[in-house]
2 protein chains.
Amino acid sequence: MHIHLNGRLTEVDKAAVSPLDRGFTLGDGLFETVAIRGGAPRFLDAHLGRLFAGLETIGITAPWPGAAIAEAVAEVIAANGVDEGVARITVTRGRAPRGLAPSPESRPTLTVTAAAMAPRRAPTALVVVAGTRRNEWSPLSRIKSLCYLDGILALDEAQRRGADDGLMLNTRGQVAEATAANLFAVLDGVALTPPVTDGALPGVMRAAVLARTESHERSITLSDLETASEIFLTNSLGIRPVVSLDGKPVGGEKPGPLATALIEALA
Amino acid sequence: MHIHLNGRLTEVDKAAVSPLDRGFTLGDGLFETVAIRGGAPRFLDAHLGRLFAGLETIGITAPWPGAAIAEAVAEVIAANGVDEGVARITVTRGRAPRGLAPSPESRPTLTVTAAAMAPRRAPTALVVVAGTRRNEWSPLSRIKSLCYLDGILALDEAQRRGADDGLMLNTRGQVAEATAANLFAVLDGVALTPPVTDGALPGVMRAAVLARTESHERSITLSDLETASEIFLTNSLGIRPVVSLDGKPVGGEKPGPLATALIEALA
């Protein structure tokens, strides 16, 4: 497997980051997960736009233009011969001495990887995560930061409980998103998804669904979900119909019409 | 500078972690910051106890006993000739393929560093952080995880506003802690500190202060702080008297008697 590290394509086993890199020591960075379809990155402009906006939020000045990152993505896809799969772009603040305050001398680290992977379209059993919640008070809930341990714990809980994914609430107890995907629920015939101010990441596939359907943003409660005719999860890697929530059937336990149409059109 | 990486002491510029290490890709790990006084680590047993408890919380099985980590700390201190300073122990889940779910084949990564540094005892101007809050709903608020970007943003905001550190509230608006230190406030003659259920990390120095003084845990509001005769911050690296909060003087703008006594005794 080949990786792009700071402008150089190399064998992943020979690629090294410093143990003093703030990505490693403090989760101080961002990433993007980009679908690869027919050997090309999907929605790459949207991903790069979100990446650069997020870097501005956390005060990292990327020394590479978007075009250089796009070139690195293309090179990694070609080097690994990926036709259908996923690329990951990671940017950290780079190596620095200890302490929380960034060093003006740090130079950001960029890595790009690519791996084969089938689109995620499988019917999904979802459970409401009890062990942690998304923090809608934090800007981190609206950027794709390296600080992903809450999502790791939430997915682990869901899988231990026999489900495929976990539904995370925000600190007010409203629906935020799944562990690495946005949620849409069809309520009274209208597809709704929580606003980012409720702790939902502004997902690239979420934006594509909002743009192509009669859906809109609205806060969603667990009671709302009990009456949903259809629930589905979206992220860059696919659209997954939810067939059960906390063990109770959703939408007759089979993929609903909107999710089915969207998988056909987008995922 | 020398670093201990997976059992081997090496020059830090030659030390390499994989860009696929989950510490780097997902903030999937923990760390401890240990004071070095007279060339020896301070409260090391307490730090190792918290580290292993945290690893259990996030489901990482450390392949090294505490004694091996303690030996690595001693070796790093000696190799870098540190008499007064700070050691950092970092444990991650190790290298894994992409995705949130851990790989059973991952082997944890351990790094230990040491650097000279004076104890932190300086009078501190504190401001209430507006941009983010601690998430008392998450187990991460009670372990010292690598996911530190909220603290980085909070410190950056505080310093931009001309202060030395930021006071972070929890999602209910109660006092949680500073960006990397616990807070104590003397109210009606009694020293109080927020319980860990309010989003405070169970700090090692915090525990030492609770054990040696008439202090106890109680939720603290911002209104409480307005009436405090004394406020101070504690972490493993020192005890800092707070002399102002949001620009208003605290304790006559000079270190209070309890903080002064605790600095003498502990920090």
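Residues numbered from 1 in each chain as written. Chains lettered and ligands numbered in written order. Predicted model: local features only at pLDDT ≥ 70, side-chain atom pairs only at ≥ 80, totals over all residues. Heavy atoms only, no water.

Asks: Got a minute to help me understand the side chain of Glu157(A) in this structure?
Replies: All names here are of chain A. When you line up the elements, Glu157 lands in helix 4 (residues 149–160). Residue class for Glu157 comes out buried when judged on its relative accessible area of 16%. Ignoring anything within four residues of it in the chain, the contact list for Glu157 reads Val128, Val129, Ala130 and Gly131. (Helix = DSSP H or I, 4+ residues; strand = E, 2+ residues; numbered from the N terminus. Buried < 20%, exposed > 50% of the residue type's maximum accessible area, 1.4 Å probe, protein only. Contact = heavy atoms within 4.5 Å.)

Asks: What is the right way to read the pairing of strand 3 (residues 29–37) of chain B from this model?
Replies: Residues and elements named next belong to chain B. Here strand 3 lies mainly inside the structure; eight of its nine residues are buried. As defined by bridge partners, strand 3 adjoins strand 5 (residues 85–92) across eight bridges and the pair is classed as antiparallel. Across the sheet, the residue bridging to Phe31 is Thr90, located in strand 5. Pairing geometry for strand 3 and strand 4 (residues 40–41), over two bridges, is antiparallel. Note on strand 4: the bridge partner recorded for Ile36 is Pro41. Two successive antiparallel strands, strand 3 and strand 4, enclose a turn made up of two residues, where Gly38 displays a positive phi of approximately 60°. (Pairing = 2+ DSSP bridges.)

Asks: Just checking my understanding: could you explain the relation of the copies chain B and chain A for this structure?
Replies: Relating one copy of the chain to the other requires a rotation about an axis plus a shift along that axis. Relative to chain A, chain B is turned by 180° and slid 0.0 Å along the rotation axis, the superposed coordinates differing by an RMSD of 0.0 Å. Both chain copies can therefore be described as sitting about a two-fold axis. Mapped onto chain A, 100% of the interface residues of chain B again fall at the interface, so both copies present the same surface. (Least-squares fit on C-alpha atoms with pLDDT ≥ 70 in both.)

Asks: What am I meant to see in the sheet that holds strand 2 (residues 8–11) of chain B here?
Replies: Sheet strands associate in pairs through backbone hydrogen bonding, adopting either a parallel or an antiparallel arrangement. Residue and element names in this part refer to chain B. Here we have six strands laid out as an open sheet, ordered 2-1-6-5-3-4, and antiparallel in their pairing. Here the strands that pair on one side only, and so sit at the sheet edges, are strand 2 and strand 4. Each of strand 3, strand 4 and strand 5 is contacted by helix 2 (residues 44–58), which is oriented at about 175° to strand 3, the strand it contacts most. (Axes fitted to C-alpha atoms, helices over the stretch in contact; angles between N-to-C directions.)

Asks: Teacher, can you tell me more about the sheet that holds strand 3 (residues 29–37) of chain A here?
Replies: Residue and element names in this part refer to chain A. Pairing in this open sheet of six strands is antiparallel, and the strands run 2-1-6-5-3-4 from one edge to the other. Every interior strand has two partners, whereas the edge strands, strand 2 (8–11) and strand 4 (40–41), have only one. Of the strands in this sheet, strand 1 (2–5), strand 2, strand 3, strand 4, strand 5 (85–92) and strand 6 (109–116) touch helix 3 (residues 66–80), which is tilted by about 35° from strand 6.

Asks: Even after reading the chapter, I still don't get the interface of chain B and chain A, so can you show me in this structure?
Replies: When the parts of a complex come together, some accessible area is lost, and that lost area is often taken as the interface size. Contacts between the two partners involve 59 residues from chain B, matched on the other side by 59 residues from chain A. For the chain B and chain A pair, buried surface summed over both sides reaches about 4500 Å², with 70% attributable to carbon and sulfur atoms. A per-residue breakdown of the area chain B buries against chain A is headed by Phe24(B), Leu100(B) and Leu149(B), which together make up 17% of the total. There are two salt bridges connecting chain B and chain A. As a salt-bridge pair, Arg95(B) and Asp13(A) come within 2.8 Å of each other at their nearest N and O atoms. Counting every contact that joins chain B to chain A gives 17 residue pairs in polar contact (both at pLDDT 80 or more). (Buried area = accessible area lost by both parts, 1.4 Å probe. Salt bridge = Lys/Arg side-chain N within 4 Å of Asp/Glu carboxyl O. Polar contact = N/O pair within 3.5 Å; in protein donor to acceptor, adjacent residues only side chain to side chain.)

Asks: Before we go on, may I ask you to explain the nonpolar core in this structure?
Replies: Nonpolar side chains in soluble globular proteins tend to end up buried together. Ranked by size, the top nonpolar core spans 69 residues in total, and within it Leu51(A), Ile69(A), Ile89(A), Leu51(B), Ile69(B) and Ile89(B) carry the most contacts. Residues in contact with Ile69(A), not counting those within four places in the same chain, are Leu48(A), Leu51(A), Phe52(A), Trp64(A), Ile89(A) and Leu110(A). (Core = buried A, V, L, I, M, F, W, Y, C linked by side-chain atoms within 4.5 Å.)

Asks: Explain the pattern of salt bridges to me, please; I cannot follow it from the model alone.
Replies: Pairing between side chains becomes possible if they bear opposite charge and their charged atoms approach one another. In this structure the tally under the stated criterion is 26 salt bridges over all chains. Here Arg160(A) ties to Asp156(A) by a salt bridge, and the two come within 2.7 Å at their closest N and O atoms. With Arg160(A) and Asp156(A) both in helix 4 and four residues apart, this pair spans about one turn of that helix. Its relative accessible area of 67% is what places Arg160(A) among the exposed residues. One salt bridge connects Arg22(B) with Asp28(B), and the closest N-O pair in it is separated by 2.8 Å.

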